[in-house]
Amino acid sequence: MHNVVIVGGGPAGLSAALAVAAAGAPVLLIDSNSRLGGQYWRNSVDELENQNEQHFDLATGLLLINAVKARKEIEVWSEAQIWSATNDEGKNTLRVIHQGKSKIVNTANLILCTGAYDRTLPFPGWDIPGVMTPGGVQSLLKGHGVLAGKRVVVAGTGPFLLPVAAGVIKAGGEVVSLVEANKSRRWVSSFIVILENLSKIKEAFYYIKTISQGKVRGQFGQAVIAAHAADNGELESVDIAKIDRNFKVKKVKNIKCDVAAIGWGFTPDTSLAGSLGCQQVVAKDECVVVWVDSNQQTNIPGIFAAGEITGIGGSDLSMAEGVIAGIAAAKFVGCKVEVLKAHRKRRAKRQRFANALIKAYPIKVGWQLWPNDQTTICRCEEVSLGDLKFSVEELGATDSRTAKLFTRCGMGLCQGRICGRSVVDLVAKELNVLPTDIDRISAVNRPIITPISLGVLAQGE
Amino acid sequence: MKNPDAIVIGAGVVGACTALSLSNAGLRVLVIDRGPVASGTTGAGEGNILVSDKEPSPELTLAIRSRDAWFEIDTDIGGGFELEAKGGVVVSRSTKGVSDLKKLASLQKENGVETIELNASTLQEAEPFISKDVNYGVLYPGDAQCQPMLAAAQIIRAVKKRGGNFIQGENVIKINSNAGSIVGLTTDKNTYSTPIIINATGTWAGEVAKLANSYLPIMPRRGYILVTSPAPKLINHKVYDADYVANVASGEADLQSSAVIEGTASGTILIGASRERVGFKNDLNIAILRQLARQAISLFPVLTNIQLLRAYRGFRPYAPDHLPVIGEDANVSGLWHAAGHEGAGIGLAPATGELITAQITGNAPFMDPAPFSPKRFKGGEHVAV
Amino acid sequence: MSQFEIQFTFDDKTISAVSGQSVGAALLAANQRSLRKTRFNKDKRGIFCGIGVCFDCLVVIDGITNQRACIIEAKPGMKVQTQDGSNA
C-alpha cells in the first residue's frame, strides 16, 4: 500500500486525512501554516475555552485537528510550502520547502485541498495601509490575538462579513459601518435550502445577536467605493455608496475609520492543481475551479481534489467533499472501502446550500466603474487602470494575457493572485467583449507556485 | 488593407523591424500574425542587444549596425520599450578562458567594437557583488537591453501610424505564386494580393517556407530564463561567462548552459542561459532551473537569498550553420526570409529589416548580405555561397 | 501552551510580541500600519490579505528582503526594517 499525500490542512484536508487513515492507509499531510485548520479554523491555542468565542464552528475544527494529531497513520508536515509540482505519467513529484529544508515527495496518490482566499475588487485607495480583507482581519484576530483597528468598516458581500464584524465587536473594537452590497430579499427564493440548513441560520443569528449588541445595524445595497489617506499616507476614511442592483453608484457618504475589511467572496487557489495538469473549468461564480467526478477524482487518475478548489462552498461542503475524496483515494490504493450513499447525500445537501449562496451574493459589473485611470490594479507591480487601457488601445493587446505581458500586471510577487480576475474583467470591458474561459484559466497558470530562494533551488535535487 | 506593397508574416521583433523599415521607405505594409504581437520567441526573449558575443564575421558587422539602429528607432518612434545602454561584462575564471577572451576582445576591437579590459580591481568596481575569484573581464559599453514585447508592440504601433496595418489571428495556409513570382497569400480567413512577402516567423519559418513550396532548415533550440522577485540593484551590467559564446556556436544536442545575468528596469533579475535541442517540448525541467541557479550564484554569491519568482522558456530558431537567414528565396522571387537569428533576434532585428528593405528597394545595403542568403540552402543541401 | 513576551526591533524601535505572533501582527498591535514603500511610486503599504497571498506586507528581516510580515513568526532579537522599494 502506498502513501496518500494530502495537501492542505483546512476542513477538506483534515476530513480527507481522517477518512484515509480510518481506511487503514498511511497519510502524509502537507500544510503551509504553522498550525492546522486552514483559513476557516484559524486558531492560536489548543483548547476551546482559551479562545474567544469568535468562531462558532471552531469546536468542530479543534475536534478534527486533535483527531488528526492523535492518529499515528497521519504524518503532518507543517510550515511546508510546495513550490513546484509536476505529473509525469502517473507519478507526481512535489518539491517542498519544509521548515527551511528542501524535500521531494513522489507519489501516485494525491488529494489537493489547497483552499481559497478573499476575493478583492480594485477601487481608488484600496492600496492604502489600513484597507484589508475580512480574512486578514479575522486571521489577525484568531491567529495572532490582534485587533486590526479601533474603528472598523466591514464591507463587500457574503455571509463571511458577519463573523468578521462579530469578532471585532467581541474583541472590543467598534464596527462603525457594516455594509452588504446585495439585498437581503435574494434569500427568499432559497427558502427550502434554508430549511435544510437550519444550523447555518442558527450560526447567522449568533453573529447578528453579537452585532446588534454592538449597536451596529447592517446596511444593504451599499459598498465601499473609495478609500482616502491622511497626510501620513495611511487610511483615514472611506466613501460608502448606495448602489443599485448592478453595483452602479447612486449616493455617496464619507465615513472615518482606521481599518476597512472589504471582501467579495473567495477565489480558489488552484495553482498546484493546474501545475500538475489537472483540468480546470470556470464555475457559475466565474471562479476557476478544478474539475472532479462524483468521487472527487480529477481528470488525472490518482489525483483527487476537495474543498474550495472544486468550487466555493464553505467549510461544511469542504468537509463532506474531503470525506469522499479520502475514501475514494484509499480505495484507489487498495483499501476495502466504499463511498456510501449517505456521504453523497450530505455532500449534495451542502452543495445546494453553496449554490444558494452563489445566487444570493453575486458580484455585478458596476464595480468596473469604481476605479479610475489612476487606480492601481496590479498592486505588486503598481500598474494602473490607465496603463492597462493603454496596452489595449495603443499597443494592441486583444486579451488579458497579452495586456499582462505588456504591462507586467500579474507578474509580481503574488503572480496575479490578487489582481488576476479583475484584470480579465477590466481588459474584456475595454475590448467590449465577454471574458472567455481561456482568459480566466490562463490567468491562474503558475508553474513556480511560490517564490523560492535561488540558494535553496541550487542546493536541492 | 487592399493590395499592400508588402506583407510581413510574423509580428515578432524581426517582423516588426522589417515592417518599420519598409514603411519608412514608403511602402504600405501589412503585418499578419496568427496570434498577438510578440506571441512567438520574441515574447520569451531576454531583450539582449549585444556586440560582445560575436567573433569578427558578417554576423558581427550585422550586430554592430543593428545596435546603433535600435537607438535610432528609439528616437524615431518615441521610445516606450525600456531601451538602455547598460553595457556588458564578459568574465572568465579559467586560464584558457581568459586567454581566449583576451584574443577575442582584441579581434573584436580591431573590427569596431569598443572593449575595455578589466582586472580584479576594476572588475570589482564595475560589479561590486561579483564573486571574488573572478580576476579578468572585458567591458563592452556597446551592449544594450530592451523589453522585447514592448519593443515589438511599439514598433507595430508606429507602422500602423505610418500607413501600415496589423492583422492578428489569421493563419497563413498558402503562399501564392505565378510563374515563379509571388502574387499573394491566403489565410484561414482571407486572400491578399501583393508582390512581396517577408517570412519573419522565426522558429516556424521552415513551415511557412513549405507553404510556398520552398525550403528553409530552421529548427528550435529551447532556452530557459529565470526571473527573480524584485531585488535591490545588485548587478550593473549584463554579466556573462565567456563560455556563453562557445555554447552559441556549439552543435551539441545536450543541454548547454552558462551564466548570463542582468537586472532590468522593473527591478527583477534575469538569469539565463540554456540551450537544448528537444524540439518543441514544453515541460518545465527543474534540473535546468537548478543548473542556472547554481551558475548564477557561483558568479554572484549575493543571489543566494534572492527569490526565484517565475521561469519561462522559448524556442530560438536556428539554421544548421548558425547564421540567420536574410534574403530572397532561392526559388520564388518576391518571397523574402528574415528568420533564424538564434538567440540574437532582438539585437539583430533592425539591421535585418534594413538589409531586406535595401534589397527590395534596390538601394545599397550597408553590408554584403550574401552570407545570409537563403540560396545557401538551395535544393535542400548546404551550398557554400 | 503558555504564551510569553518577546522583543524584536523595527527600524529604530523596540517592539513587543506575544510568542507565536507574526511580525506583522505585532507591528499592527504597536500601531505600525505601514511596512514598506513601493519601488516605483514610493507608496506606503501594510498588511492587506493577512494570510500570505498578496505579498504587500514585505519587510526586511535580518538583511533578507521580501519577507511577508503577516506569516513570519516574530523571534527574539529579530532585526526588522522597512523595505524601501526593493532596498536599492
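Residues numbered from 1 in each chain as written. Chains lettered and ligands numbered in written order. Predicted model: local features only at pLDDT ≥ 70, side-chain atom pairs only at ≥ 80, totals over all residues. Heavy atoms only, no water.

Sorry if this is basic, but what is going on with the overall build of chain B here?
The helix and strand inventory of chain B stands at 9 helices and 19 strands. Taken against the 2.2 N^0.38 rule, which gives 21 Å for 385 residues, the C-alpha radius of gyration of chain B at 20 Å falls within 12% of a compact globule. The buried share of chain B, reckoned over its 385 residues, is 62%. Intrachain contacts of chain B at a sequence separation of at least 6 include 73% that bridge at least 24 residues. Carbon and sulfur atoms provide 51% of the accessible area of chain B, an area that totals close to 13,700 Å². (Helix = DSSP H or I, 4+ residues; strand = E, 2+ residues; numbered from the N terminus. Rg over C-alpha atoms; globule rule 2.2 N^0.38 Å. Buried < 20%, exposed > 50% of the residue type's maximum accessible area, 1.4 Å probe, protein only. Contact = heavy atoms within 4.5 Å. Areas by Shrake-Rupley, 256 points an atom, 1.4 Å probe, with all protein chains shown as cover.)

How should the overall build of chain C be read in this particular structure?
Across its full length, chain C holds 1 helix and 7 strands. The linear arrangement of helices and strands in chain C, starting from the amino end, is β-β-α-β-β-β-β-β. Judged by the C-alpha coordinates and their principal axes, chain C covers about 45 × 25 × 20 Å. The burial tally for chain C puts 57% of its 88 residues in the buried class. Intrachain contacts of chain C at a sequence separation of at least 6 include 39% that bridge at least 24 residues. On chain C, roughly 3,600 Å² of surface is accessible, and the fraction owed to carbon and sulfur atoms is 46%. Distance from the positive charge centre (11 side chains) to the negative charge centre (8 side chains) of chain C: 6 Å. (Lys, Arg positive; Asp, Glu negative; His and termini not counted. Charge placed at Lys NZ, Arg CZ, Asp CG, Glu CD.)

How should the packing of helix α2 (residues 58–77) of chain B against helix α5 (residues 148–161) of chain B be read in this particular structure?
Between two packed helices, both the angle of their axes relative to each other and the distance between the axes serve to describe the pair. Residues and elements named next belong to chain B. Where α2 meets α5, the closest approach of the two axes is 11 Å, and the angle between their N-to-C directions is 55 degrees. The angle between the axes of α2 and α5 places the two elements in the oblique class. Between α2 and α5 the crossing geometry is left-handed. The residues of α5 that touch α2, namely those facing Trp70, Ile73 and Ile77, are Ala151, Gln154, Ile155 and Ala158. The residue makeup of the contact of α2 with α5, split by class, is 6 nonpolar, 1 polar and no charged. (Axes fitted to C-alpha atoms, helices over the stretch in contact; angles between N-to-C directions. Parallel < 35°, antiparallel > 145°, perpendicular 65-115°, else oblique. Left-handed = near helix turned anticlockwise from the far one by under 90°. Nonpolar A, V, L, I, M, F, W, Y, C, P; charged D, E, K, R; others polar.)

Just to check I follow, could you spell out the packing of helix α10 (residues 385–393) of chain A against helix α11 (residues 400–407) of chain A for this structure?
Residue and element names in this part refer to chain A. In the contact formed by α10 and α11, the axes pass within 9 Å of each other and the chain directions differ by 115 degrees. Here α10 is positioned roughly perpendicular relative to α11, judged by the angle of their axes. With respect to the hand of their crossing, α10 and α11 are arranged in right-handed fashion. Mapping the contact onto sequence places Asp387, Leu388 and Ser391 in α10 and Ala403, Phe406 and Thr407 in α11. Here the contact of α10 with α11 is built from residues that sort into 3 nonpolar, 2 polar and 1 charged.

Whenever I open this one, the interface of chain C and chain A confuses me. Can you help?
By a frequent convention, interface size equals the accessible area lost on bringing the separate parts together. Contacts between chain C and chain A engage 32 residues on the former and 39 residues on the latter. Both sides together, the interface formed by chain C and chain A hides about 3,000 Å², and carbon and sulfur atoms give 54% of it. Looking at the side of chain C facing chain A, the largest losses of area belong to C:Arg33, C:Phe48 and C:Ile51, adding up to 26% of the total buried there. One can count 4 salt bridges joining chain C with chain A. Here C:Asp56 makes a salt bridge to A:Arg379, at a shortest N to O gap of 2.6 Å. (Buried area = accessible area lost by both parts, 1.4 Å probe. Salt bridge = Lys/Arg side-chain N within 4 Å of Asp/Glu carboxyl O.)

What is the right way to read the interface of chain B and chain A from this model?
Taken together, the contact between chain B and chain A spans 32 residues of the former and 30 residues of the latter. Carbon and sulfur atoms make up 67% of the surface buried where chain B meets chain A, a total of about 2,700 Å² over both sides. Counting the surface chain B buries against chain A, the share from its top three residues, B:Ile286, B:Leu308 and B:Leu309, is 22%. Our enumeration of links across chain B and chain A arrives at 1 salt bridge. Between A:Glu394 and B:Arg157 there is a salt bridge, with the nearest N and O atoms lying 2.7 Å from each other. The tally of links between chain B and chain A comes to 7 residue pairs in polar contact (both at pLDDT 80 or more). Secondary structure elements with two or more residues in the side of chain B that touches chain A: α5, β13 (219–228), α8 (286–299) and β17 (307–318) of chain B. Each residue belonging to the side of chain B that touches chain A can be placed in one class, and the counts come to 18 nonpolar, 8 polar and 6 charged. (Polar contact = N/O pair within 3.5 Å; in protein donor to acceptor, adjacent residues only side chain to side chain.)

Explain the pairing of strand β13 (residues 222–229) of chain A here, please?
The side chains of a regular strand alternate between both faces of the sheet. Residues and elements named next belong to chain A. By the criterion of burial, β13 is predominantly enclosed, with 6 of the 8 residues buried. Examined bridge by bridge, β13 and strand β14 (residues 235–243) share 7 bridges and lie antiparallel to one another. Following the sheet pairing, Ala223 is matched in β14 by Ala241. In this antiparallel pair of consecutive strands, β13 and β14, the connection spans 5 residues, and Gly233 shows a positive phi of 85 degrees. (Pairing = 2+ DSSP bridges.)

What is the right way to read the environment of A:Thr310 from this model?
Residues and elements named next belong to chain A. Topologically, Thr310 is positioned in the loop between β20 (303–305) and α8 (314–332). Judged by its relative accessible area of 17%, Thr310 falls in the buried class. Through-space distance from the C-alpha of Thr310 to that of Asp269 is 9.9 Å; in sequence the pair is 41 residues apart. Excluding anything up to four places from it in sequence, Thr310 contacts Val289, Val290, Val292, Gln296, Ala305 and Glu321. Only 2.9 Å separates the side chain of Thr310 from the backbone oxygen of Gly307, close enough to count as a polar contact. Side chain to side chain, Thr310 and Glu321 meet in a polar contact 2.9 Å long.

Would you take a moment to explain the pattern of salt bridges for this structure?
Here the structure, examined in full by the defined rule, presents 34 salt bridges over all chains. A:Glu174 is the salt-bridge partner of A:Arg151, the closest N and O atoms lying 4.0 Å from each other. Remark: A:Glu174 occurs in strand β11 (residues 174–180) and A:Arg151 occurs in strand β10 (residues 151–157); sequence separation between them is 23 residues. Judged by its relative accessible area of 33%, A:Arg151 falls in the partly exposed class. Judged by its relative accessible area of 42%, A:Glu174 falls in the partly exposed class. Here A:Glu286 makes a salt bridge to A:Arg440, at a shortest N to O gap of 3.8 Å. Placement of A:Glu286 in the loop between β18 (280–282) and β19 (288–290) and of A:Arg440 in helix α13 (residues 437–442) is noted, with a sequence separation of 154 residues between them. The network of salt bridges with shared partners includes A:Asp127, A:Arg379, C:Arg36, C:Arg45 and C:Asp56.

Mind showing me how you'd approach empty space enclosed by the protein here?
Residue and element names in this part refer to chain A. Here the structure, examined in full by the defined rule, presents 10 cavities of 30 Å³ or more. By volume, the largest cavity is sized at about 150 Å³. Residue assignment for the lining of the largest cavity shows that the elements contributing at least two residues are β17 (266–268) and α12 (420–431). Residue contributions to the lining of the largest cavity peak at 3 residues, all from α12. Taken together, the residues of the lining of the largest cavity sort by class into 7 nonpolar, 3 polar and 5 charged. There are two domains that each give the lining of the largest cavity at least three residues, and those are domain 1 (4–117 + 267–339) and domain 3 (371–442). (1 Å grid on protein atoms, 1.4 Å probe; cavity = no way out; pocket = protein on both sides within 12 Å on 5 of 7 lines; lining within 4 Å. Points joined across faces, edges and corners; volume = space filled by probe spheres on them. Domains from an automatic or database assignment.)

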